[in-house]
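Close look at the chain arrangement
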Amino acid sequence: MTQEERSQIEMRIVDVLKTVYDPEIPVNIYDLGLIYRIEVHDDASVDLDMTFTAPTCPAADFILEDVRQKVDGLEQVSSANVQLVFEPVWDQSMMSEEARVELGFD
């Protein structure tokens, strides 16, 4: 797999991640800064590290499954492994400018 192919798959993954929302927050998880790593391998499998705004997120199972299903469902992806991590600890500085404006932080 070429670097260009990897980049194209990663862009598709980002697009699909922007359709995933925490039911309590009106901003997608990608713009919230909850995605820490996207790694596309030669066999088109994907490893993804993500976190939550709080370790006790009541929608954690729903969001994790939504991410896994949507990434795994992409035609270019052979399988998706979603790992929940809490290092580094998420904070508001990880949000995109658009997310900060939407949530009234700027």
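To start, this report covers the structure provided alongside it. (Residues numbered from 1 in each chain as written. Predicted model: local features only at pLDDT ≥ 70, side-chain atom pairs only at ≥ 80, totals over all residues. Heavy atoms only, no water.)

1. Observations regarding the environment of leucine 32
Assignment of secondary structure puts leucine 32 in the loop between helix H1 (3-17) and strand S1 (35-40). Through-space distance from the C-alpha of leucine 32 to that of aspartate 91 is 9.4 Å; in sequence the pair is 59 residues apart. Other than its neighbours up to four places away in sequence, leucine 32 contacts Ile25, Val27, Trp90, Met94, Met95 and Leu103. (Helix = DSSP H or I, 4+ residues; strand = E, 2+ residues; numbered from the N terminus. Contact = heavy atoms within 4.5 Å.)

2. Looking at the sheet that holds S1
A sheet is described by the order of its strands in space; here 3 strands give the open sequence S1-S2-S3, paired in mixed fashion. On the outer flanks of this sheet lie S1 and strand S3 (79-84), each paired with one strand and no other. Direction aside, the axes of adjacent strands within the sheet are offset by 15 degrees on average. Along the sheet, H1 makes contact with S1 and strand S2 (45-50), crossing S1 at roughly 140 degrees. (Pairing = 2+ DSSP bridges. Axes fitted to C-alpha atoms, helices over the stretch in contact; angles between N-to-C directions.)

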